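Here's the letter readout for the chains.
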Amino acid sequence: RRYAWRQARQLARGRRPAPARRRCGPRLLCAMADVADARKKLLLNLISEVKARLEGKVDSVSFPIPQFIVIGKQSVGKSRLIEGLAGEPFNFVSGTLGSRRPTVLELRNVPGLTPSRWSVFDDASQSWRSYPIKTVMTIVGQAHESCGNSVSEVPIRVKVEGADTVDLGLVDLPGFRAYAKDAVMMDLSKKIDNLVHKFMADDNNVMICVEEAGDAAGFATLGKCKQLDPSYRRTILIRNKLDKYYGDLTPSNVNQWLEGFGDLPDNLVRFAVSLPHWTGADPPKPFSQMRSDVADTDVKTMQSKNASAKYIATIGFDHFRLFMEVKTQQLFADALAPMLTRLKAMKDEHTERMEVISEEIATVKEDSILHATRQAGICFAQSFNFLMEGALSSETNRKTIEEELRAFHAYVEKTQVLQRSDILTNCFPDLDAYINYLRDTVKLPGMDVQLNGGAQFKRLMYEVEVFTRFAGLGQKFSAKDVIQARGSGLHETTWENTITTLMMQSAPSKMREKTAYVGERLKWFFTEQKECTLQFMLAIRGSPEEHMYSNRVYKQAQVIDRNETMKSCIFKAFDDTCARHQQSFMGMWNDWMDSMFQSPLMLLKAGSMPKIGGTYETEIAPTLESTKQRIEEERDSRGGLQKKLKEQVKRIPDDDRYADQAVKMVQSIIEQTFGVIRCAVSDQMELYSKSFFLLPMLRRLEGDMAQLDLLEEDRNRYRARCELLREEATKSSGILTDLDWCIDAVQKFRITCGGGD
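Residues numbered from 1 in each chain as written. Predicted model: local features only at pLDDT ≥ 70, side-chain atom pairs only at ≥ 80, totals over all residues. Heavy atoms only, no water.

A closer look at the overall build of the protein chain
And then number 1: A count of helices and strands for the protein chain gives 26 helices and nine strands.
And then number 2: For the protein chain, buried positions account for 48% of its 757 residues.
And then number 3: Residue pairs at least 24 apart in sequence account for 81% of intrachain contacts in the protein chain once pairs closer than 6 positions are excluded.
And then number 4: Accessible area of the protein chain: about 37900 Å², with a carbon and sulfur share of 51%. (Helix = DSSP H or I, 4+ residues; strand = E, 2+ residues; numbered from the N terminus. Buried < 20%, exposed > 50% of the residue type's maximum accessible area, 1.4 Å probe, protein only. Contact = heavy atoms within 4.5 Å. Areas by Shrake-Rupley, 256 points an atom, 1.4 Å probe, with all protein chains shown as cover.)

Section: the environment of Ile133
And then number 1: Assignment of secondary structure puts Ile133 in helix α4 (residues 133–145).
And then number 2: Separated by 43 residues in sequence, Ile133 and Phe90 have C-alpha atoms that sit 8.4 Å apart.
And then number 3: In contact with Ile133, other than residues within four places in its own chain, are Glu88, Pro89, Phe90 and Trp118.

Examining helix α12 (residues 401–415)
And then number 1: For α12, with 15 residues, the first-to-last C-alpha span of 21 Å sits near the 21 Å given by 1.5 Å per residue.
And then number 2: Regarding α12, the residues found buried are Ile401, Glu404, Leu405, Phe408, His409 and Val412. In an axial view of α12, the angular spread of the buried residues amounts to 130°, which keeps them on one side of the axis. In α12, the exposed positions that point more than 90 degrees away from the buried face belong to Glu413 and Lys414.
And then number 3: At the exit of α12 stands Gln416, carrying a positive phi of roughly 60°. (Expected span 1.5 Å × (residues − 1). Arc of directions from axis to C-beta.)

Section: the packing of aromatic side chains
And then number 1: This structure, assessed with the given rule, holds 27 aromatic pairs.
And then number 2: Consider the rings of Tyr688 and Phe692, whose centres lie 4.7 Å apart with planes at 70°: the pair is edge-to-face. One end of the pair is Tyr688 and the other is Phe692, both in helix α25 (residues 685–706) and four residues apart, which spans about a single turn.
And then number 3: Clustering of aromatic rings is evident, with ring pairs tying together Phe380, Phe384, Phe457, Phe525, Phe526, Phe571, Phe574, Phe585 and Phe693.
And then number 4: The aromatic ring of Phe176 is capped on one face by Lys224, whose charged end is 4.9 Å from the ring centroid.
And then number 5: The lysine or arginine in question, Arg239, covers the ring of Trp257, its NZ or CZ lying 4.2 Å from the ring centre. (Phe/Tyr/Trp six-rings, centres within 6.5 Å; stacked < 30°, edge-to-face > 60°. Lys NZ or Arg CZ within 6 Å of the ring centre and 35° of its normal.)

Some words on the pattern of salt bridges
And then number 1: Per the stated rule, a full pass over the model turns up 37 salt bridges.
And then number 2: Its salt-bridge partner being Arg80, residue Glu83 comes within 2.5 Å of it at the nearest N-O pair. Taken together, the positions of Glu83 and Arg80, both in helix α3 (residues 78–86) and three residues apart, correspond to about one turn of that helix.
And then number 3: Glu83 gets classed as buried once you look at its relative accessible area, which sits at 5%.
And then number 4: Taking the shortest distance from any N to any O, the salt bridge between Arg580 and Asp704 comes out at 2.4 Å. With a gap of 124 residues between them, Arg580 in helix α20 (residues 564–598) and Asp704 in helix α25 connect regions that are remote in the sequence.
And then number 5: Take Asp704: its relative accessible area is 19%, and that puts it in the buried class.
And then number 6: One network of salt bridges, in which partners are shared, links Glu402, Arg406, Asp432, Arg439 and Asp448. (Salt bridge = Lys/Arg side-chain N within 4 Å of Asp/Glu carboxyl O.)

Observations regarding the environment of Ala309
And then number 1: Along the chain, the position of Ala309 falls in helix α9 (residues 309–312).
And then number 2: Residues Ala309 and Asn255, spaced 54 residues apart in sequence, show a C-alpha to C-alpha distance of 9.9 Å.

Description of the packing of helix α11 (residues 369–389) against α20
And then number 1: At a minimum axis separation of 10 Å, α11 and α20 run at an interaxial angle of 55°. Comparing the axis directions of α11 and α20 gives the class oblique. The hand of the α11/α20 crossing is right-handed. For the pair α11 and α20, contact is made by Ala372, Thr373, Ala376, Gly377, Phe380 and Phe384 and by Met566, Cys569, Ile570, Phe571 and Phe574, respectively.
And then number 2: Taken together, the residues that form the contact of α11 with α20 break down as nine nonpolar, two polar and no charged. (Axes fitted to C-alpha atoms, helices over the stretch in contact; angles between N-to-C directions. Parallel < 35°, antiparallel > 145°, perpendicular 65-115°, else oblique. Left-handed = near helix turned anticlockwise from the far one by under 90°. Nonpolar A, V, L, I, M, F, W, Y, C, P; charged D, E, K, R; others polar.)

Details of the side chain of Arg459
And then number 1: Assignment of secondary structure puts Arg459 in helix α15 (residues 453–468).
And then number 2: When sequence neighbours within four positions are dropped, the list of residues in contact with Arg459 reads Lys399, Thr400, Ile401, Glu404, Leu444, Pro445, Gly446, Met447, Val449 and Leu451.

Describing the sheet that holds strand β3 (residues 117–122)
Remark on secondary structure: sheet strands pair via backbone hydrogen bonds, oriented parallel or antiparallel.
And then number 1: Strand order in the open sheet formed by nine strands is β4-β3-β5-β2-β6-β1-β7-β8-β9, and the pairing between neighbours is mixed. Two strands close off the open sheet at either side, each with one partner strand: β4 (127–131) and β9 (269–272). Sheet twist, expressed as the average angle between the axes of neighbouring strands with direction ignored, equals 25°.
And then number 2: Strands β1 (67–71), β6 (168–172) and β7 (205–212) of the sheet are contacted by helix α5 (residues 183–201), whose axis makes an angle of about 145° with β1. (Pairing = 2+ DSSP bridges.)

A few points about unusual backbone geometry
And then number 1: Look at the link from Thr114 to Pro115: it is a cis peptide, with omega at -5°.
And then number 2: Phi is positive for Ser75, which is not a glycine, with a value near 70°.
And then number 3: Following the sequence through the fold, Ser75 ends up in the loop between β1 and α3.

Quick notes on the pairing of β6
Where a strand is regular, its side chains alternate between the two sheet faces.
And then number 1: The buried fraction of β6 amounts to five of the five residues, a majority that puts the element mostly inside the structure.
And then number 2: Every second residue of β6 is oriented toward a common face, with Leu168, Leu170 and Asp172 on one face and Gly169 and Val171 on the other, all of them buried.
And then number 3: One ladder, built from three bridges, connects β1 with β6; its direction is parallel. Its bridge partner being in β6, Val70 is matched across the sheet by Asp172.

A word on the pairing of β3
And then number 1: In this sheet, strand β5 (residues 156–162) lies alongside β3 in antiparallel orientation, the contact comprising four bridges. Counterpart to Ser119 in the pairing with β5 is Lys159.
And then number 2: Two strands pair when backbone bridges link them, and β3 and β4 are joined in this way by five bridges, in the antiparallel orientation. Each bridged residue has a counterpart across the sheet, and for Ser119 the counterpart in β4 is Ser130.
And then number 3: The hairpin turn running from β3 into β4, its antiparallel successor, is four residues long, and Gln126 in that turn takes a positive phi close to 55°.

Some words on the nonpolar core
And then number 1: Phe380, Phe457, Leu522, Phe526, Phe574, Trp589 and Met705 are the most contacted members of the largest nonpolar core, which has 82 residues in total.
And then number 2: It is α20 that provides the largest number of residues to this core, a total of 14 residues.
And then number 3: Every residue in contact with Leu522, bar those within four places of it in the chain, is listed here: Phe457, Leu460, Met461, Phe585, Ser689 and Phe693.
And then number 4: Ile65, Val70, Leu331 and Ala745 belong to the second largest nonpolar core, which has 58 residues in total. (Core = buried A, V, L, I, M, F, W, Y, C linked by side-chain atoms within 4.5 Å.)

Let's talk about the packing of α5 against helix α6 (residues 220–228)
And then number 1: Orientation of α5 relative to α6, taken along the N-to-C sense of each, is 50°, at an axis distance of 10 Å. When the axis of α5 is compared with that of α6, the two are oblique. At the point where α5 passes α6, the crossing takes the right-handed sense. Side by side, α5 and α6 meet where His197, Met200 and Ala201 of the first sit next to Lys224, Cys225 and Leu228 of the second.
And then number 2: Looking at side-chain class alone, the contact of α5 with α6 contains four nonpolar, one polar and one charged residues.

Listed below in structure tokens is the structure:
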């Protein structure tokens, strides 16, 4: 027995069986076997209880509990293999559609227990309830039939305890279907494939791939395993119904057949087995005896055909059984340490979650919801300031300028807040041409870099400045227009007044189109920063910037993120503030432009900065006389443009005979004046955007959040949220209780029995 165990252990580790060693005394061997069996049962029960308690409560992909899954096509003998492991025949599924959900089988060997004891796990009481085998068959059959023409990932858990049962835990999955008679069955077949594929893709699952013994090149299920497990690290091949192929095997080909005729890799663990079969309803003799007889027959038949001794350990059910017992202990023992680590991490996560839930429950109480919402809004407003100052940890909603412009144009088309002529200039046929101009000609800084927050605002200022410079007067004046503007002549009418009158006809509206674009772009930009701000608040914990901010920022972010009612109230207040500051921004801009167009020739001033160029090598320290001269020159240069335009106005003829010449001169002066005003507006776009929009909003946003009010429907949603939080707290408390039990049980096992080090 010890030699057989050692052979199975070597196979489980992917090694050849070692030769027999000198045997110990029978008493010592029995004592060691009893201790090993007791430890094995404790380990299996521990893993079973942990899985049962955490089923559906944790992500199985991230939770390191290994398990065996049985996969294969229909009618390859999956059920008979499981019956062999359970120690008695049974049939779970009723109806004609077969199994449609996972069946978790916990098999336990209990010496002397005859007949076997069958139990079904009760999710409500979190305990096993024993039933007669026929009742268990009915319960399991009904669970499958309840799926109808669909499938379910929710398993049904069955425990079998008996004298002939193998100590093992496995999951029986629905079989792959090769044929579907109609569209309904085809849809069911696809759902089964997806269900089984999900289990196969889980790296914690060891696949017991059941194929009918025969040509290895036709093993379709093994091919599916190879796609997900190319190295066959977690694949075990069972070539079932070996006795059907006895006649095809000869001393000359038996070893080649066992090797798969070159189609099976050397590192693939494989077994060739036969299982009991009979005619009639009941087996002619005890199932366990038939199982042993068939296993002995397999070994003797292969030996009679001169099968190599190294392959004998892979033939027959008994060798497979020993291998599975050793493999189970090895897998589960190795999983104890990472499982304990993961359990502790999950406990920390759920403990923190409970703290957040408790804090949120306190905030949604009837007498404190308004105060709590305002406090969260103030914290959000402060975090928005931090984001605009520049934050690396916020990655949500980052955009390139192309993505930003396309999203803005989609927003305008959806809301119709601007006309198409307001968002595209006549110089470009479409948005693509404008984007290419920004990239290739303007070479806009950060054009193809995804940004948000303050960096995105800085890039936005470059773009709107370029857009504003495309403002054109778009009007040619006629002699009639000029004569009409000069009036009857009863009162003194100067050419300066005439030019002002003509400019006021269309110039302000042309500039307002561009400033309307700028105002809407700014408003849209700020409204897009809400999610960025919230993600920034959530990302502070654990970031290098964490020490720079209050701990309340992260805690408030958790509450806002979890509470949709609070989140929507804060976001609405934020949007309202943006809209109000947009109106204020547009009002101040329009007032400033109106003042410029009312007296364009009086207000136009050029800069007094000297031209760049030359060197300072000949410069000397300024004296009083040189300083006086410099000031005089700077004042003269400041009014240079104004003087130039006034000189042109003086040359306009007053005689009506020269009206055509006067019109051309007036048109030229108006275009020059409009160009200077356009440049002044574009140059100061960033300054005024920050002064009239950004800074007022940053200063007043906290105050607006402090005055936030709740509608009655918001209060009703808060009340409903309170009930949900209580249910969530109860659920999280139950998970914490289960986690505490699991951690305690695993630690006790490691202390008393060892393993997992």
